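Per-entry structural report
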Amino acid sequence: MSAAEHTPAEAASGPIIRIEHLGKWYGRFQALKDVNLAIARKERIVICGPSGSGKSTLIRCINKLEDYQEGTIVVDGVTLDENVKNIEHIRREVGMVFQQFNLFPHLTILQNLTLAPVWVRKMPRKEAEALAMRYLERVQIAEQAGKFPGQLSGGQQQRVAIARSLCMNPKIMLFDEPTSALDPEMIKEVLEVMAGLAREGMTMLVVTHEMGFAREIADRIVFMDKGEIVEQAPPKEFFANPKSERTKLFLSQILGR
Amino acid sequence: MAIEMTGPATMAAPAGAPRDVIGWLRENLFSSPLNSVLTLISFGLIVLVVPPLVRWGILNAVWTGGLERCKAVQGTGACWIFIAEKYRLILFGLYPFKEQWRPLLMTVVLIALLAASMNRAFWRPWLGLAWLLGYLAMGILMWGGIFGLAFEDTDKWGGLPLTLILSVNAIAFSFPLAIALALGRRSDLPVIRMICTGFIELVRGVPLISVLFMASLMIPLFLPAGVDINKLLRAQAGIILFTGAYVAEVIRGGLQALPKGQIEAADSLGLGYWQKTGFVVLPQALSLVIPPMVNSFIATFKDTSLVIIIGLFDLFGSARLAANDPAWRPFYVEGLLFVALIYFVSCFSLARYSRYVERLARQGDQR
């Protein structure tokens, strides 16, 4: 299937991401076991679980930062396979925010934001800069546009990273532990930006340990352990009424109760 | 160390305090037993070496006059008139004496272009055009054959112009080759990876001398009769390939030092391979390896002197040529010192310039 070709029915109404029987191995270690997950448009999913449970690996499979050996992933009607065109198409539509920000240190903030729109979307530079400034204002950091990433605090860098992804006008945003590398006082400013995004109807997959954020924002919480999805439920039910022992253990550890 | 004289002292002394000589000495030269010993040893060496050098090089040296005066001081004083006598031969080799304004002019053009290229303000498209025209002009000057200039074949080229031609071309052409080899060695395509790895290891595994010998002696054996590739061109190609293999490994070091997250970020934004490589990977990887890269280029600049073994007389070679004159033979050391000075000035300029480029490249890196 070519990159631009969508299955019309599915593109309109079906899940925007469909993951079926996903399996991944690192050598003989199985990192993901028969993962099945369908995400609807505008749905906000928080994925949690103990470290090493495969939650980061799972979302990194969605834009093929990780290879997988079994199963299929379909993003917005395009099947993620070995076809480079399909991979690049999906990456254009899927934004990603990393734990370590991964801003380009040799470029200014503004250049970080305009690089992909100009070269991938072929947007005129002036237009890309205007777009970048709009997003920088939105994450309240416009006055830093001329600086380099190294001159910004962690929280500011992560907000720039979110703005950089948004400049590509993605349909889906993936967040891989976006606040885990931040000092406590900076976590809030990043979570606020993410909450704003959620209110606007962005489809989001968030790997995080911030249970307060999950409770407030998520439509559904997915709990993973040992490479499997153990349990998924809306936040209220998930916190009040966890079904599996593993979930209960995890919640007791992370919430201290 | 005893030689470290700046920095700590100025920092330690309170601002505006009068300089205390004893205190300064104690702090900088005798701060510990080891430092005291090193200071004394250094001082001893200076006393041992400097006065004889000054006597030979300045006090007893012959600055004017003729060969007889040099003969009189032979062994005790330097004969600097050797350089005055032979500088045209040292600087321009066997290029016809009357036509030596041509290589001189070429050298001026080349140095002017280099100087302009070093300045960031001139990094504009027209600089590329200037180089193109410059190459054309330099070619016409050196070869001649048109505009009433007599034709001079490359086997007459020599001296400083030849050294500059060989090393500027070596650096300019080996750099892109090295980037291609370094990227190729990390390619996902096994064939490209094997070719690049094989080339690098093969060329790196033999001395430059043997590369030059091969270029000069073996390549003609493989060529069909009647086909002849110019000897200078063959030597130049050999030096470019050799330098390329070395610098490729330096660049690969920079590629490996790049955090994986940078590539993932570029991937996740949908940048293609060449965009990712050109905008994210190479700018960071290259700026990381400026010091070792310049190190390689400085080595290349000096290694061009090896072309003497295939009968090309570069700066070093023509200095040896000058010393072949039986009358002046005893004074070849002076000639070599003169040549060494030119090499030093060139290499030192290159090193200083690399510091400037490093500063430019690091401007964003305040992690």
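Note that the structure is a prediction, hence the values are computed from the model and not measured.

**Overview of the interface of chain B and chain A**
Contact with chain B, which involves 23 residues of that partner, is made by 25 residues of chain A. Of all residues in chain B, Ser268(B), Leu269(B) and Phe279(B) give up the largest surface area on contact with chain A, accounting jointly for 30% of the area buried on that side. At the boundary of chain B and chain A, one finds 2 salt bridges. Here chain B and chain A share 6 residue pairs in polar contact (both at pLDDT 80 or more) between them. Residue assignment for the side of chain B that touches chain A shows that the elements contributing at least two residues are helix H12 (260-268) and helix H13 (273-288) of chain B. For the side of chain B that touches chain A, the element with the highest residue contribution is H12(B), accounting for 8 residues. For the side of chain B that touches chain A, a count of residues per class yields 8 nonpolar, 10 polar and 5 charged.

**Description of the packing of aromatic side chains**
Per the stated rule, a full pass over the model turns up 13 aromatic pairs over all chains. Ring geometry for Phe175(B) against Phe297(B): centres 6.5 Å apart, planes inclined by 75°, an arrangement best described as edge-to-face. In this pair, Phe175(B) is assigned in helix H8 (residues 159-185) and Phe297(B) in helix H14 (residues 290-303), connecting sequence segments 122 residues apart. Look at Phe344(B) and Phe348(B): their rings are 5.5 Å apart centre to centre, the planes differ by 15°, and that puts the pair in the stacked class. Here Phe348(B) and Phe344(B) lie together in helix H16 (residues 332-362), a separation of 4 residues that amounts to about one turn. Exposure remark for Phe344(B): the relative accessible area of 52% places this residue in the exposed category. Positioned above the aromatic ring of Tyr26(A) is the side chain of Lys24(A), whose terminal nitrogen or guanidinium carbon lies 4.5 Å from the ring centre. Sitting above the plane of the Phe239(A) ring, Arg215(A) keeps its charged end 4.3 Å from the centroid.

**Some points on the sheet that holds strand E2 (residues 29-39) of chain A**
Residues and elements named next belong to chain A. An order of E2-E1-E4-E5 is seen for the 4 strands of this open sheet, with the pairing classed as antiparallel. Of all strands in the sheet, those bounded by a partner on one side alone are E2 and strand E5 (78-79). Where helix H2 (residues 55-62) meets the sheet, it contacts strand E1 (17-26), E2 and strand E4 (70-75), and its direction lies at approximately 120° from that of E1.

**Regarding the pairing of E2(A)**
Residues and elements named next belong to chain A. As paired strands, E1 and E2 are joined by 7 bridges and run antiparallel to one another. The partner of Arg 18 across the bridge, within E2, is Ala 38. What sits between the antiparallel neighbours E1 and E2 is a turn of 2 residues, in which Gly 27 has the positive phi angle 60°.

**Some thoughts on the packing of H8(B) against helix H11 (residues 231-257) of chain B**
Residues and elements named next belong to chain B. Look at H8 against H11: their axes get within 6 Å of each other, and the N-to-C directions meet at 45°. It follows that H8 is oblique to H11 by the angle criterion. Note that H8 runs across H11; the crossing there is right-handed.

**A short note on the nonpolar core**
It is characteristic of soluble globular proteins that their nonpolar side chains tend to be buried jointly. Membership of the largest hydrophobic core comes to 57 residues, with the highest contact counts inside it found for Phe82(B) and Leu315(B). What Leu315(B) contacts, discounting residues up to four positions off in sequence, is Ile90(B), Leu91(B), Gly159(B), Leu160(B), Thr163(B), Val339(B), Ile342(B) and Tyr343(B). Ranked by size, the runner-up nonpolar core spans 53 residues in total, among them Leu110(A), Val139(A), Val193(A) and Ala214(A).

**So, the packing of helix H5 (residues 81-92) of chain B against H16(B)**
Residue and element names in this part refer to chain B. Between H5 and H16, the least distance of the axes is 10 Å, while the angle of their chain directions is 55°. Relative to H16, the element H5 lies oblique. Seen from above, H5 lies across H16 with right-handed handedness. Every residue of H16 that contacts H5 at Phe 82, Ile 83, Ile 90 and Leu 91 is listed here: Tyr 332, Glu 334, Gly 335, Phe 338, Val 339 and Ile 342.

**What about the sheet that holds strand E10 (residues 228-233) of chain A?**
Sheet strands pair via backbone hydrogen bonds, and the direction of the pair is either parallel or antiparallel. All names here are of chain A. Pairing is mixed across the open sheet formed by 6 strands, whose spatial order is E6-E7-E8-E3-E9-E10. Strands at the two margins of the open sheet, each flanked by one partner only, are strand E6 (94-97) and E10. Adjacent strand axes in the sheet meet at a mean angle of 20°, parallel and antiparallel pairs treated alike. Where strand E7 (residues 172-176) and strand E8 (residues 203-207) come together, 5 bridges link them in parallel fashion. Paired with Leu 174 across the strands is Leu 205, a residue of E8. Taken strand by strand, helix H3 (residues 84-93) contacts E6 and E7, and its axis lies near 65° from that of E6.

**Overview of H11(B)**
Residue and element names in this part refer to chain B. Spanning 27 residues, H11 covers 40 Å between terminal C-alpha atoms, matching the ideal 39 Å at 1.5 Å per step. Within H11, 19 of the 27 residues are buried, which leaves the element mostly enclosed by the surrounding structure. In this structure Asn 230 caps H11, since a side-chain oxygen of it lies 2.7 Å from the backbone nitrogen of Leu 232.

**Let's talk about the confidence of the model for chain A**
Per-residue confidence for chain A gives a mean pLDDT of 89, with 95% of residues at or over 70. Across residues 1-11 of chain A, where pLDDT falls below 50, the model places 25 contacts with residues more than four positions away in sequence or in other chains.

**Focus: the side chain of Ser354(B)**
Position of Ser354(B) relative to the elements: it lies in helix H16. Apart from residues no more than four positions distant in its own chain, Ser354(B) is found in contact with Ile290(B) and Val294(B).

**A short note on the confidence of the model for chain B**
Residue and element names in this part refer to chain B. For chain B, mean pLDDT is 83; residues scoring 70 or higher make up 94% of the total. In the model of chain B, helix H1 (residues 8-12) stands out as the element of lowest mean pLDDT, 45, in contrast to H12, which has the highest, 94. Here the predicted complex carries an ipTM of 0.89, next to a pTM of 0.81.

**Digging into the pattern of salt bridges**
Counting across every chain of the model gives 28 salt bridges over all chains. In this structure, Glu93(A) engages Arg121(A) in a salt bridge whose closest nitrogen and oxygen atoms are separated by 3.9 Å. Placement of the pair is Glu93(A) in helix H3 and Arg121(A) in the loop between helix H4 (109-119) and helix H5 (125-138), with a sequence separation of 28 residues. Relative accessible area serves as the criterion here: at 11%, Glu93(A) is assigned to the buried category. Residue class for Arg121(A) comes out partly exposed when judged on its relative accessible area of 30%. We note a salt bridge from Glu249(B) to Arg185(B), for which the minimum N-O separation is 2.8 Å. Within this pair, whereas Glu249(B) is found in helix H11, its partner Arg185(B) is found in helix H8, the two being separated by 64 residues in sequence. As far as the burial class goes, Glu249(B) and Arg185(B) line up, both buried.

So, how was this worked out
Residues numbered from 1 in each chain as written. Chains lettered and ligands numbered in written order. Predicted model: local features only at pLDDT ≥ 70, side-chain atom pairs only at ≥ 80, totals over all residues. Heavy atoms only, no water. Contact = heavy atoms within 4.5 Å. Buried area = accessible area lost by both parts, 1.4 Å probe. Salt bridge = Lys/Arg side-chain N within 4 Å of Asp/Glu carboxyl O. Polar contact = N/O pair within 3.5 Å; in protein donor to acceptor, adjacent residues only side chain to side chain. Helix = DSSP H or I, 4+ residues; strand = E, 2+ residues; numbered from the N terminus. Nonpolar A, V, L, I, M, F, W, Y, C, P; charged D, E, K, R; others polar. Phe/Tyr/Trp six-rings, centres within 6.5 Å; stacked < 30°, edge-to-face > 60°. Buried < 20%, exposed > 50% of the residue type's maximum accessible area, 1.4 Å probe, protein only. Lys NZ or Arg CZ within 6 Å of the ring centre and 35° of its normal. Pairing = 2+ DSSP bridges. Axes fitted to C-alpha atoms, helices over the stretch in contact; angles between N-to-C directions. Parallel < 35°, antiparallel > 145°, perpendicular 65-115°, else oblique. Left-handed = near helix turned anticlockwise from the far one by under 90°. Core = buried A, V, L, I, M, F, W, Y, C linked by side-chain atoms within 4.5 Å. Expected span 1.5 Å × (residues − 1). pLDDT = per-residue confidence, 0-100.

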